[in-house]
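# A look at the structure
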Amino acid sequence: MAVNARPQPSRSQWLRRLANRRRDHVAFVLSGGGPLGALQVGALHALFERDIRPDLAVGTSVGALNATWLAMNPTSAGVANLETSWREMKEGDLFPGGRFKASWARMLVKGNRVFENSGLRRTIGKTLGPARFEDAQIPLAVTATELETGAEMLFTSGPVLEPLLASTAMPGIFPPVEIDGRVYIDGGVANNVPIAPAAGLGAKTIYVMNSTSHTRQRRPLNRPMDYLLHAFTLARAQRLALEQVYLADKVKLVMLPTVTLDFFVPFASMEHTGKLIELSYEQTSAFLDGRSQVVRETSRDGSVETVAPGPSG
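Residues numbered from 1 in each chain as written. Predicted model: local features only at pLDDT ≥ 70, side-chain atom pairs only at ≥ 80, totals over all residues. Heavy atoms only, no water.

### What to know about unusual backbone geometry
Glycine aside, a negative phi is what most residues show, and trans is what most peptide bonds show. Defined as follows: Buried, partly exposed and exposed residues are distinguished by accessible area as a fraction of the type maximum, computed with a 1.4 Å probe on protein chains only: under 20%, between the cut-offs, and over 50%, respectively.
One non-glycine residue with positive phi stands out, namely aspartate 51, at about 60 degrees. For aspartate 51, a relative accessible area of 54% corresponds to the exposed category. One non-glycine residue, serine 61, lies in positive phi territory at about 55 degrees.

Printed below as a string of structure tokens:
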């Protein structure tokens, strides 16, 4: 090799450079939401059917899992495989050692989690194996929250397993995850719908799959814990509202429908997966085909255009 020869870029770096040269760099952003992450599967089916494909995938919490599986195989077949994984997943696969409802008493004893993340670790390993970010067919980014400072961390290189465990480490439910000497928890604590990271990575059009809208699935408020969790959901929603206005670059946000549910999906319940996928597919298809009302909003400085379903969407 010549002394002054430049090192060849990795495959991941090459993909990033290629995507950044495109006129309209499209990102898919997938939020947290626990079992409501099944809604993202239906939305992905509708998008791929219409040949709307991502150049970049960014995800938080359960959205990080979906984004990773998508980035590894960003095709209709890949989405079909993701759906199969969702439909086969059981509560015991994620929460080993007992039913979730019976485990709330553990919240009152000393420790940092109710459940080990061994079930989730096995699920990721079974599906992805020893995958790295560099193995993805399109650039991939996963968010997590630094426990000590609350800072948002964006993982884009190296093995995917630990960042995914960190991004899904719901506080008090799963243990925090240490990576390179720092401790992380669920990415949804800092940024549940990571549109700003997608814009920072060069996206010009961002399709947003938000599975946690507090206005479309109201939690029954019967106990103090219900109020606490509802308040946490409200607090997380404010970040998205602010980012839609605050983005400095020219970005088109396509807010895919947040499906209105007439039933409540408890955290950790997998019994509604099929129904969630089907409802999301139907409503996203109607939105993309123009069969539901659309509202366009532009920020005061003209920097951000938001395309979202109207009240009937």
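### Description of the environment of proline 175
Put simply, the test is: In this text, helices come from DSSP runs of H or I with a minimum length of four residues, and strands from runs of E with a minimum of two, each type numbered from the N-terminal end.
With respect to the helices and strands, the residue proline 175 is situated in the loop between helix H7 (161-167) and strand E5 (177-179). Here the alpha-carbon distance between proline 175 and asparagine 117, two residues 58 residues apart in the chain, equals 6.8 Å.

### Overview of the confidence of the model for the protein chain
Just so we agree on the cut-off: Per-residue confidence from the predictor is reported as pLDDT, which spans 0 to 100. Whether two residues touch is decided by their heavy atoms; if any such pair falls within 4.5 Å, the residues are in contact.
Per-chain confidence: the protein chain averages 82 in pLDDT, with 78% of residues scoring 70 or above. Across residues 1-6, where pLDDT falls below 50, the model places zero contacts with residues more than four positions away in sequence or in other chains.

### Re the packing of helix H2 (residues 38-49) against helix H10 (residues 273-288)
Selection criterion: Every axis corresponds to a line fitted to the C-alpha atoms, with the helix fit spanning only the stretch in contact, and the corresponding angles, defined between N-to-C directions, vary from 0 to 180 degrees. Note that the term roughly parallel is reserved for angles under 35 degrees, roughly antiparallel for angles over 145, roughly perpendicular for angles of 65 to 115, and oblique for everything else. Here a crossing is called left-handed whenever its near helix is offset anticlockwise from the far helix by less than a right angle, and right-handed whenever the offset is clockwise. Three classes are used, and their members are as follows: Ala, Val, Leu, Ile, Met, Phe, Trp, Tyr, Cys and Pro are nonpolar, Asp, Glu, Lys and Arg are charged, and the others, Gly among them, are polar.
Close contact between H2 and H10 brings their axes to 7 Å; oriented N to C, the two are set at 40 degrees. In this view, H2 runs oblique relative to H10, as classed from their interaxial angle. In this structure, H2 crosses over H10, and the sense of that crossing is right-handed. Residues Ala38, Leu39, Val41, Gly42, Ala43, His45, Ala46, Leu47 and Glu49 of H2 lie in contact with H10, whose contacting residues are Thr273, Leu276, Ile277, Ser280, Tyr281, Thr284, Ser285 and Leu288. Here the residues of the contact of H2 with H10 sort into 10 nonpolar, six polar and one charged.

### Quick word on the pairing of strand E3 (residues 140-146)
Short version of the rule: Strands pair, by our definition, only if DSSP identifies at least two bridges between them.
With respect to burial, E3 is a largely interior element, seven of its seven residues being buried. Where strand E2 (residues 56-60) lies against E3, four bridges are found, and the strand directions are parallel. Its bridge partner being in E3, valine 58 is matched across the sheet by alanine 141. Where E3 and strand E4 (residues 152-155) come together, four bridges link them in antiparallel fashion.

### A few points about helix H6 (residues 118-128)
Where we set the bar: Each direction from the helix axis to a C-beta atom contributes to the arc, which is the arc of those directions.
Buried residues of H6: Gly119, Leu120, Thr123, Ile124 and Leu128, and no others. Viewed end-on, H6 has its buried residues packed into an arc of 140 degrees, placing them on one side of the element. Along H6, exposed side chains directed more than 90 degrees from the buried face belong to Arg122 and Lys126. Check the buried side of H6 and you find it contacts helix H3 (62-72), helix H5 (91-94) and H7. The first or second residue beyond H6 is glycine 129, which carries a positive phi of 65 degrees.

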